[in-house]
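# Overview (structure and organization)
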Amino acid sequence: MCGIVGYTGPREAGPILLEGLKRLEYRGYDSAGIALVDESGDLFLAKKAGKLANLETEINGRTPHAALGLAHTRWATHGRPDDLNAHPHQDCSGEITVIHNGIIENFRELRDELEAAGHRLTSETDTEALAHLIEDAYEGDLADAVRAALRKVEGAYAIAVMHKREVSRLVGARLNVPLVVGRNGEESFIASDVSAILAHTNQVVFLEDGDVADVRPTGIEVTGVDGRPRSRELTTIDWTPEAAEKGGYETFMLKEIHEQPEALRQSLAGRLGRDGRISLPELEPMAAAVKAATRVELVACGTASYAAMVGASAIERWTDLPARVTVGSEFRYDPPPLDGRTLVIAVTQSGETADTIAPTRLARERGCPIVAVTNTVGSAITREADAILFLQAGPEIAVAASKTFVTQVTTLVVLAAAIARLRGTLPDDEEVGLVRALQALPSAAARALELNGPGASELARRYVNSRGFMYVGRGATYPAALEGALKLKEISYVHAEGYPAGELKHGPISLLDAECPLVAVATRSATYDKLVSNVMEGRARDARVIAVATEGDPQIERFADDVCWVPDTHEVVSPVLAIIPLQLFAYEIARARGTDVDQPRNLAKSVTVE
Ligand code: F6R
């Protein structure tokens with residue numbers, strides 16, 4: 001997804017902006033650009049398709065002297081990912097420079113009107129229309145002009161704008177797309193997320209929908225699009241810049257896989273009482289709604305939807321409520337019946353996924369009580385919810401989710417138990433058993449890493465030439481099979497499918513042969529024996545079998561060619577441990593195939609468009 005960074009202050013803007021763009025590379029992008037204005041109003045602008053290195057080559061690695069500037073990484077939505085469509089964009093006079101994340105939905109009408117009025121638009125982008133709209137509205141005050149222009153705009157945006165004649169001023173605005181402003185002494189920053197500016201400040205304002213921020217070196221003023229002042233607090237971010245870097249690992253993804261024990265520890269901190277009880281104070285204000293609920297609808301996309309499946313099954317196990325998971329893009333246009341007694345749980349690590357936010361908003365409009373489960377403070381989903389459960393997993397930079405999957409699972413399981421307790425359906429011994437298992441989970445995850453890390457590259461070497469993979473699980477282990485298959489296809493570009501093992505014989509078994517191995521998530525569960533029989537059927541078709549199994553399983557080696565051992569745990573949270581060898585396997589297959597693990601092709605970290 002696109003990235004924004006802007007600077008105004010006493011220092012050289014160019015290096016700060018380029019460094020900010022580097023920190024935003026994880027979001028995925030296909031072109032990059034930078035614009036700088038010096039104290040005499042001279043503008044420098046460069047933009048280039050492809051990786052940031054192309055832009056750096058274009059400018060010979062040097063930026064001219066300037067203390068005001070904007071920079072952008074673009075992930076194409078309107079128009080090809082080429083030099084012309086790369087941001088920044090400008091008005092006819094070349095005085096106004098704009099960068100933008102999101103989509104201007106009425107851009108065709110705006111563009112037609114602008115062209116009819118004599119404006120010359122040179123790119124295919126929706127963003128360029130904004131620059132010309134601001135030009136039309138400009139009467140000497142950039143913030144006034146931005147507000148006037150935005151009053152004509154429909155869609156979703158985070159923008160940053162500057163004017164050649166206002167040499168220390170940036171104007172930012174957001175609607176449904178994140179934007180933060182950072183402050184540090186005599187300098188200010190603007191960014192699509194804090195990791196771009198964390199090296200310079202941990203004091204940020206998370207802008208809210210409809211905010212327009214007038215950003216100067218000495219401070220910021222926030223108004224609405226109507227010009228009325230809005231009060232916004234500075235938040236102190238406790239993520240260090242190092243936390244957002246790779247540490248000693250070769251990629252962010254590997255670092256994040258290895259951070260899972262710590263992420264689980266942090267995520268569970270405060271949620272497990274010493275008395276052996278679940279503690280979820282965030283849910284207390286919703287107690288009445290939880291007790292009155294007649295059903296639960298979980299909405300999420302991708303990895304988050306697989307974590308949501310674990311949550312749904314935990315809710316059905318411990319409560320009398322039916323619980324269902326629907327992916328956001330389906331929920332939005334074919335919603336289930338929703339009313340004040342439908343408890344909706346929205347799961348999104350970024351908190352900005354358009355396909356998850358829109359259905360949540362719809363549910364809110366229909367009066368549903370809403371719980372959001374997210375990793376991102378200040379994100380859009382937090383404004384839609386009655387209760388927010390933060391994952392507390394720390395920033396996840398690699399595009400493919402790892403530590404946010406395992407913390408989504410544990411947070412949802414804690415939520416399921418808390419709902420059950422409020423409704424009086426959670427037996428005491430179940431709660432105590434669950435809390436014990438959750439307390440042991442961070443060290444069990446560390447052991448799963450120790451057991452599987454050293455052999456992962458050798459295992460991958462044996463399978464790297466396979467045509468495709470069939471991942472299977474049953475009951476509690478099925479979500480781990482889906483997530484394992486997703487990891488493999490996302491980062492290695494090898495085809496993999498996740499299936500309920502019992503379904504193999506209803507079709508996909510025809511794919512199995514010596515070139516298409518079965519990956520069986522066969523950890524201890526109520527349906528273990530059934531899963532084993534299904535896997536035997538696959539083996540009879542010459543499929544090699546990789547099994548993820550619980551330490552001490554006496555029979556697994558009889559039917560598996562390779563076994564990835566994980567510690568025993570409560571069946572409900574078993575995907576947390578089962579996914580670890582599957583993440584490592586996907587990682588090593590990707591490495592062996594030489595793909596870009598942290599930024600796989602065609603993918604973006606936070607998908608803020610529909
Ligand atoms: C897979 C992955 C995606 C996301 C999905 C939802 O590794 O990261 O499938 O899970 O795009 O993203 P969030 O959780 O940010 O809503």
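Residues numbered from 1 in each chain as written. Predicted model: local features only at pLDDT ≥ 70, side-chain atom pairs only at ≥ 80, totals over all residues. Heavy atoms only, no water.

A count of helical and extended segments in the protein chain gives 17 helices and 24 strands. The C-alpha atoms of the protein chain give a radius of gyration of 25 Å, which matches the 25 Å a tight globule of 610 residues would have. Its C-alpha atoms put the protein chain at 75 × 55 × 45 Å along the principal axes. The buried share among the 610 residues of the protein chain stands at 61%. Sequence-distant contacts in the protein chain: of pairs separated by 6 or more residues, those separated by 24 or more amount to 72%. When the accessible surface of the protein chain is split by element, carbon and sulfur atoms take 47% of a total near 22300 Å². Looking at charge distribution, the protein chain has the averaged site of its 63 positive side-chain charges lying 3 Å from that of its 86 negative ones. (Helix = DSSP H or I, 4+ residues; strand = E, 2+ residues; numbered from the N terminus. Rg over C-alpha atoms; globule rule 2.2 N^0.38 Å. Buried < 20%, exposed > 50% of the residue type's maximum accessible area, 1.4 Å probe, protein only. Contact = heavy atoms within 4.5 Å. Areas by Shrake-Rupley, 256 points an atom, 1.4 Å probe, with all protein chains shown as cover. Lys, Arg positive; Asp, Glu negative; His and termini not counted. Charge placed at Lys NZ, Arg CZ, Asp CG, Glu CD.)

The subject of this paragraph is the packing of aromatic side chains. The geometry of two aromatic rings is summed up by the distance between their centres and the angle between their planes. Applying the stated criterion to the full structure yields three aromatic pairs. Judged by centre distance (6.2 Å) and plane angle (80°), the rings of tyrosine 463 and phenylalanine 585 are edge-to-face. A residue pair is termed long-range when its members are at least 10 positions apart, and tyrosine 463 in helix α14 (residues 456–463) and phenylalanine 585 in helix α17 (residues 574–593) qualify at 122 residues. Residue tyrosine 463 shares its accessibility class with phenylalanine 585, and that shared class is buried. Summarising the aromatic geometry, the rings of phenylalanine 469 and phenylalanine 585 are spaced 5.6 Å apart at their centres and angled 80° between planes, so their arrangement reads as edge-to-face. Of this pair, phenylalanine 469 sits in strand β20 (residues 469–473) while phenylalanine 585 sits in helix α17; the two residues are 116 residues apart in sequence, bridging distant segments of the chain. Under the relative-accessibility criterion, phenylalanine 469 is labelled buried at 3%. Counting every residue linked through ring pairs, the aromatic cluster contains Tyr463, Phe469 and Phe585. (Phe/Tyr/Trp six-rings, centres within 6.5 Å; stacked < 30°, edge-to-face > 60°.)

Computed from the structure, the largest pocket encloses a volume of approximately 660 Å³. Lining the largest pocket are 34 residues; nearest its centre among them are Val194, Trp239, Asn375, Thr376 and Val377. Among the residues making up the lining of the largest pocket, the classes are represented as 13 nonpolar, 14 polar and seven charged. Composition of the lining of the largest pocket by domain shows at least three residues from each of domain 1 (3–245) and domain 2 (256–442). Quantified by volume, the second largest pocket comes out at close to 560 Å³. Around the second largest pocket, the lining is made up of 25 residues, and of these Cys301, Gly302, Ala604, Lys605 and Val607 lie nearest the centre. (1 Å grid on protein atoms, 1.4 Å probe; cavity = no way out; pocket = protein on both sides within 12 Å on 5 of 7 lines; lining within 4 Å. Points joined across faces, edges and corners; volume = space filled by probe spheres on them. Nonpolar A, V, L, I, M, F, W, Y, C, P; charged D, E, K, R; others polar. Domains from an automatic or database assignment.)

So, about the packing of helix α12 (residues 403–422) against α17. Orientation of α12 relative to α17, taken along the N-to-C sense of each, is 170°, at an axis distance of 9 Å. Relative to α17, α12 is oriented roughly antiparallel. Taken together, the residues of α17 that come into contact with α12 (itself represented by Phe405, Val406, Val409 and Thr410) are Pro575, Val576 and Ile579. For the contact of α12 with α17, the per-class residue count stands at six nonpolar, one polar and no charged. (Axes fitted to C-alpha atoms, helices over the stretch in contact; angles between N-to-C directions. Parallel < 35°, antiparallel > 145°, perpendicular 65-115°, else oblique.)

Following the sequence through the fold, valine 296 ends up in strand β15 (residues 295–300). When the C-alpha positions of valine 296 and leucine 254 are compared, they lie 35 Å apart, and in sequence the two are 42 residues distant. Residue contacts for valine 296: discarding those within four places in its chain leaves Ile315, Leu321, Pro322, Ala323, Arg324, Leu343 and Ile345.

So, on to the side chain of glutamate 431. By the element assignment, glutamate 431 lies in helix α13 (residues 428–452). By relative accessible area, which is 1% here, glutamate 431 ends up buried. Within polar-contact distance, the side chain of glutamate 431 engages the backbone nitrogen of isoleucine 278 at 2.9 Å. For glutamate 431, the contacting residues outside a window of four places in its chain are Gly276, Arg277, Ile278, Arg421 and Leu426. (Polar contact = N/O pair within 3.5 Å; in protein donor to acceptor, adjacent residues only side chain to side chain.)

Across all of its chains, the model carries three cavities of 30 Å³ or more by this definition. Approximately 50 Å³ is the volume found for the second largest cavity. Lining the second largest cavity, in full, are Thr523, Arg524, Thr550, Val566, Pro567, Asp568, Thr569, Glu571, Ser574 and Leu577. Here the lining of the second largest cavity is built from residues that sort into three nonpolar, four polar and three charged.

Attention now moves to the domain arrangement of the protein chain. Looking at the assigned domains, one finds that the protein chain contains domain 1 (3–245), domain 2 (256–442) and domain 3 (450–593). Between the C-alpha centres of domain 1 and domain 2 there is a distance of 34 Å. Together, the buried faces of domain 1 and domain 2 total about 1000 Å²; carbon and sulfur atoms form 59% of this surface. Counting the contacts that link domain 1 with domain 2 gives zero salt bridges. Applying the counting criterion to the domain 1 and domain 2 interface returns zero residue pairs in polar contact (both at pLDDT 80 or more). (Buried area = accessible area lost by both parts, 1.4 Å probe. Salt bridge = Lys/Arg side-chain N within 4 Å of Asp/Glu carboxyl O.)

Bringing the site of the ligand into the picture now. The local shell around the ligand holds 14 residues, among which Thr348, Gln349, Ser350, Thr353 and Glu490 are the closest. Contacts to the ligand include glutamine 349, whose backbone N or O atom sits 2.7 Å from an oxygen atom. Contact between the ligand and lysine 487: an oxygen atom at 3.0 Å from a side-chain N or O atom of the residue. Here the ligand has 400 Å² of accessible area as a free molecule, and 89% of this is covered by the chains. Most atoms of the ligand, that is more than half of them, are within 2 Å of grid points of the second largest pocket. (Near = heavy atom within 4 Å. Sits in = over half its atoms within 2 Å of the grid points.)

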